[in-house]
Amino acid sequence: MEPTPAAKLWTPANVVTLVRICLVPVFVVALLSPWPQWFGLPQVADDSKSLIAAGIFILISCTDWLDGYLARSRGEVTDFGKFMDPLADKILVAAALLALVELGSLPSWVVLVILAREFIVSGVRMVAASEGVVIAASWYGKFKTVFQMIAIVLFCIKDSHMVGGIGSAFSDGMWLLSWGVMIIALVLTVVSMLDYIAKARHLIGFGPKRKDIGIEDADDRALSAAQAASIAPEALDELAGRVLDAARAAGKTVGTAESLTGGLVAATLTDVPGSSQSVRGGIVSYVSEVKRDVLGVGSDTLEQHGAVSEETARAMATGARATLACDVAVAVTGIAGPGGAEPGKPVGTVWIGRADGTSACARRFEFPGTRDEVRLLTVHAALEFVLEALETR
């Protein structure tokens, strides 16, 4: 039975994210308010209060890892979670920084730099989204968040104000540690912002706009006469027949793993009568979770190289060959459009992987045309890639 929209929304990961947001006021109250007096606990000194607030902040920060783990391990990555998870981090960090300014532990210019970066990056992302471009987060941004949270904990524990002369300040080890981590966080904040701007420079007027981000004019993306002829139904049927004839002659079986084509390669093969002698099956791995859980593509591969990459295409083909127990497996992953382009990966970028008994390899293609044409050109190229292996053997 298909889960209801409410069931898809209230996943454990999303609940953890919402709890994280709800705990932010608890942290602020614990850090700023005179709650020991409210509860008749005069023995709780300011130092102890700061330690308790720091502990609450650490607890909230750890839930960021927890909701990500739950979403990936349970295959429950939702649009709501993608929206709320980074928002929760920004709310937590902004609230903590403003609270530290209120205490006089942190100068306001630090907060201004960090919040300005968030506004600028959010603006760049909105412009990119309007053009159908997704800008992947870099490791600069991830390390920036880690160092910001460590710095906030240190500033909660130890007042960073310089007391006395410059010499006495530099003799305070906690002061040095707190500011050292904060400076690293600020450097990463600025560098990650510049990284986003560099990736989106074509979108915001610092370079040629459309072609460099993978959005070309219709005339530039038109198919040639040969390409148009190669994806005609009769041409694809003829090519699929040649693949199956070669498989039977070699005594081999074939299988497929498909992302952007959604099963079209397997469907083209199985349209040919008698294909069951040679076709073991196909796996439609349209989302990264299926690539990981069914085909065994490593999480590190997907995170470091992306779903559209040589490494992922090879891993998909290898996983399909093992899962389907076939002799030759072909895998396709790419960007069919009209949106989804990334820097260095324009619309029409396709990686086709192949695995047999001796090796796994992949080739990159950049196909023109509409979404449907890109998908059909991918089918044609995938069948030729399989035929090449079968005829060589």
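Please read these numbers as outputs of a predicted model, since none were measured by experiment.

Novice: Outline the packing of helix H11 (residues 233–250) against helix H16 (residues 371–392), listing residues and values.
Specialist: The interhelical angle for the contact between H11 and H16, taken along N-to-C directions, is 25°, at an axis separation of 9 Å. Regarding the angle of H11 to H16, the classification is roughly parallel. Once H11 is placed against H16, the crossing between them reads as left-handed. Taking contact as the criterion, the partners of Leu 236, Leu 239, Ala 240, Arg 242, Val 243, Ala 246, Ala 247 and Ala 250 in H11 are, on H16, Leu 376, Val 379, His 380, Leu 383, Glu 384, Val 386, Leu 387, Leu 390 and Glu 391. Tallied by class, residues from the contact of H11 with H16 come to 13 nonpolar, one polar and three charged.

Novice: Describe in detail the pairing of strand S5 (residues 360–366), supporting the description with residues and values.
Specialist: Where strand S4 (residues 349–355) meets S5, seven bridges bridge the pair, whose relative direction is antiparallel. The residue bridging Ala 355 from the neighbouring strand is Ala 360, located in S5. Taking the residues that link successive antiparallel strands as the turn, the S4-S5 hairpin has four residues.

Novice: Which residues make up the sheet that holds strand S1 (residues 254–258), and what are the values?
Specialist: As summarised here, the arrangement of the five strands in space is S2-S1-S3-S4-S5, forming an open sheet in which the pairing is mixed. The open sheet terminates on both sides in strands that have one partner only, identified here as strand S2 (279–284) and S5. Shown here is a sheet whose adjacent strand axes are inclined to one another by a mean of 15°, direction ignored. With five bridges joining them, S1 and strand S3 (residues 328–334) adopt parallel strand pairing. When the sheet's bridge partners are listed, Ala 257 is paired in S3 with Ala 331.

Novice: Report on the nonpolar core, specifying residues and quantitative values.
Specialist: Counting 33 residues, the largest nonpolar core has Val 243, Val 254, Leu 269, Ile 352, Leu 383, Val 386 and Leu 390 as the members making the most contacts within it. Contributions of two or more residues to this core are made by H11, helix H12 (264–270), S3, S4 and H16. If you tally residues by element for this core, the top one is H16, at 11 residues. When sequence neighbours within four positions are dropped, the list of residues in contact with Leu 390 reads Val 243, Ala 246, Ala 247, Ala 250, Lys 252, Val 254 and Val 328.

Novice: So what's going on with the environment of Arg 201? Which residues, and what values?
Specialist: By secondary structure assignment, the location of Arg 201 is in the loop between helix H9 (173–199) and helix H10 (225–230). For Arg 201, a relative accessible area of 38% puts it in the partly exposed group. Taking C-alpha positions, Arg 201 is 9.3 Å from Val 124, a pair spaced 77 residues apart along the chain.

Novice: I'd like a rundown of the UniProt feature "transmembrane region" (unreviewed entry) in the chain, residues and numbers included.
Specialist: Those residues carrying the UniProt feature "transmembrane region" (unreviewed entry) are residues 12–32, 52–70, 91–114 and 176–198 in this numbering. Helix makes up 100% of residues 12–32 and strand 0%, with an end-to-end C-alpha separation of 31 Å. For the annotated span residues 52–70, helix accounts for 100% and strand for 0% of the residues, and the straight-line distance between the end C-alpha atoms is 27 Å.

Novice: So what about the confidence of the model for the chain? Which residues, and what values?
Specialist: When pLDDT is averaged across the chain, the result is 84; 85% of the residues are at 70 or more. Confidence drops under pLDDT 50 across residues 160–166; counting only partners more than four residues distant or on other chains, this segment forms 10 contacts. A low-confidence stretch, residues 209–219 (pLDDT under 50), is modelled with 20 contacts involving residues beyond four sequence positions or located in other chains.

Novice: Could you give me a rundown of the pattern of salt bridges, with the residues and numbers involved?
Specialist: Tallied over the full model, the rule gives 14 salt bridges. The residue Lys 144 makes a salt bridge to Glu 118 at a minimum N-O spacing of 3.2 Å. In this pair, Lys 144 is assigned in helix H7 (residues 139–157) and Glu 118 in helix H6 (residues 108–130), connecting sequence segments 26 residues apart. For Lys 144, a relative accessible area of 5% puts it in the buried group. Here Arg 364 ties to Glu 366 by a salt bridge, and the two come within 2.7 Å at their closest N and O atoms. According to the relative accessible area criterion, Arg 364 is partly exposed, its value standing at 35%. Bridged by salt links that share partners, the residues Arg 20, Asp 64, Asp 67, Asp 85 and Asp 89 form one connected network.

Novice: If you had to explain the packing of aromatic side chains to someone new, which residues and values would you point to?
Specialist: What describes a pair of aromatic rings is the distance from one ring centre to the other and the angle between the planes of the rings. Taken as a whole, this structure holds four aromatic pairs when the rule is applied. When the centroid spacing of 5.3 Å and the interplanar angle of 50° are considered together, the rings of Phe 27 and Phe 57 count as tilted. Separated by 30 residues along the polypeptide, Phe 27 in helix H2 (residues 12–32) and Phe 57 in helix H4 (residues 46–73) bring together distant segments of the chain. Summarising the burial analysis for this pair, Phe 27 and Phe 57 share the class buried. Arranged with centres 5.4 Å apart and planes meeting at 80°, the rings of Phe 155 and Trp 179 form a pair that is edge-to-face. In this pair, Phe 155 sits in helix H7 while Trp 179 sits in helix H9, placing the two residues 24 residues apart along the sequence. The same class applies to Phe 155 and to Trp 179, which are both buried. By way of ring pairs, the aromatic residues Trp 109, Phe 155 and Trp 179 are connected into one cluster.

Novice: How would you summarise helix H5 (residues 79–103) if you had to cite specific residues and measurements?
Specialist: Here H5 spans 37 Å end to end across 25 residues, near enough to the 36 Å set by a 1.5 Å rise per residue. Along H5, the positions that sit buried rather than exposed are Gly 81, Met 84, Ala 88, Asp 89, Leu 92, Val 93, Ala 94, Ala 95, Ala 96, Leu 97, Ala 99 and Leu 100. Of the residues trailing H5, Gly 104 is marked for its positive phi of about 80°.

Analysis parameters
Residues numbered from 1 in each chain as written. Predicted model: local features only at pLDDT ≥ 70, side-chain atom pairs only at ≥ 80, totals over all residues. Heavy atoms only, no water. Axes fitted to C-alpha atoms, helices over the stretch in contact; angles between N-to-C directions. Helix = DSSP H or I, 4+ residues; strand = E, 2+ residues; numbered from the N terminus. Parallel < 35°, antiparallel > 145°, perpendicular 65-115°, else oblique. Left-handed = near helix turned anticlockwise from the far one by under 90°. Contact = heavy atoms within 4.5 Å. Nonpolar A, V, L, I, M, F, W, Y, C, P; charged D, E, K, R; others polar. Pairing = 2+ DSSP bridges. Core = buried A, V, L, I, M, F, W, Y, C linked by side-chain atoms within 4.5 Å. Buried < 20%, exposed > 50% of the residue type's maximum accessible area, 1.4 Å probe, protein only. UniProt positions renumbered as here; feature names shortened; annotations may be inferred. pLDDT = per-residue confidence, 0-100. Salt bridge = Lys/Arg side-chain N within 4 Å of Asp/Glu carboxyl O. Phe/Tyr/Trp six-rings, centres within 6.5 Å; stacked < 30°, edge-to-face > 60°. Expected span 1.5 Å × (residues − 1).

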